[in-house]
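# Examination of the molecular architecture
Here are the chains, one letter per residue:
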Amino acid sequence: MATQTKSQSGTGKMKLTADRITDAYVKYLLTEGHPPASVFAFADMIGISERDFYNFFSSFEALEESLWTGMMLKTLLSVRADENYAGFSAREKLLSFYYIHLEVLRERRSFVAMQWPKFKMQLRTPKQLEGYKAAFLQYAKDIVAEGI
């Protein structure tokens, strides 16, 4: 859920953002049931050039990693934005995190439900979840250290 923006000068079109590309990708996955055949076909379908896609993401895998990491970062920002959060115990902070994270995941419930089964069958962390996992582990490490 990157917030990068690239303007399309002189075209009068809506600003191209990573979020716009990500939303179109998720919509494609949910309506078609599979990833697009190629970046070229996907970019053409959403009315951008292949180059525009590559300005934001190096592949569909990178796009998915950005999406998952973005959901974790959105959770962390929401948790820390709560004015009462600083006064919570480590246990309350973790419970607050879990509650808010479930709410963030619910925003993309269909996407999460579609993607999760393929991840749980793997023996190691899928590339798409590496940033997501790293952000969570750092947060958990901080909470544990605070609790100790």
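To keep things clear, this report deals only with the structure shown in the data block. Keep in mind the model is a prediction, meaning the values are calculated, not measured.

## Some remarks on helix 6 (residues 109-120)
For helix 6, with 12 residues, the first-to-last C-alpha span of 16 Å sits near the 16 Å given by 1.5 Å per residue. Taken together, the buried positions of helix 6 are occupied by Phe111, Val112, Gln115 and Phe119. Down the axis of helix 6, the sector holding all buried residues measures 85°, keeping them to one side. Pointing more than 90 degrees away from the buried face of helix 6 are the exposed residues Arg109, Ala113 and Lys120.

## What to know about the packing of helix 1 (residues 18-32) against helix 4 (residues 60-81)
The geometry of helix 1 relative to helix 4 is characterised by a closest axis approach of 11 Å and an angle of 105° between their N-to-C directions. For the element pair helix 1 / helix 4, the angle class is roughly perpendicular. Residues Ile21, Thr22, Tyr25, Val26 and Leu29 of helix 1 form the contact with helix 4, whose own contacting residues are Phe60, Leu63, Glu64 and Leu67. Along the lines of polarity and charge, the residues of the contact of helix 1 with helix 4 split into 7 nonpolar, 1 polar and 1 charged.

Conventions and cut-offs
Residues numbered from 1 in each chain as written. Predicted model: local features only at pLDDT ≥ 70, side-chain atom pairs only at ≥ 80, totals over all residues. Heavy atoms only, no water. Helix = DSSP H or I, 4+ residues; strand = E, 2+ residues; numbered from the N terminus. Expected span 1.5 Å × (residues − 1). Buried < 20%, exposed > 50% of the residue type's maximum accessible area, 1.4 Å probe, protein only. Arc of directions from axis to C-beta. Axes fitted to C-alpha atoms, helices over the stretch in contact; angles between N-to-C directions. Parallel < 35°, antiparallel > 145°, perpendicular 65-115°, else oblique. Contact = heavy atoms within 4.5 Å. Nonpolar A, V, L, I, M, F, W, Y, C, P; charged D, E, K, R; others polar.

In short, the description is geometric, and any link to function would need to be established separately.
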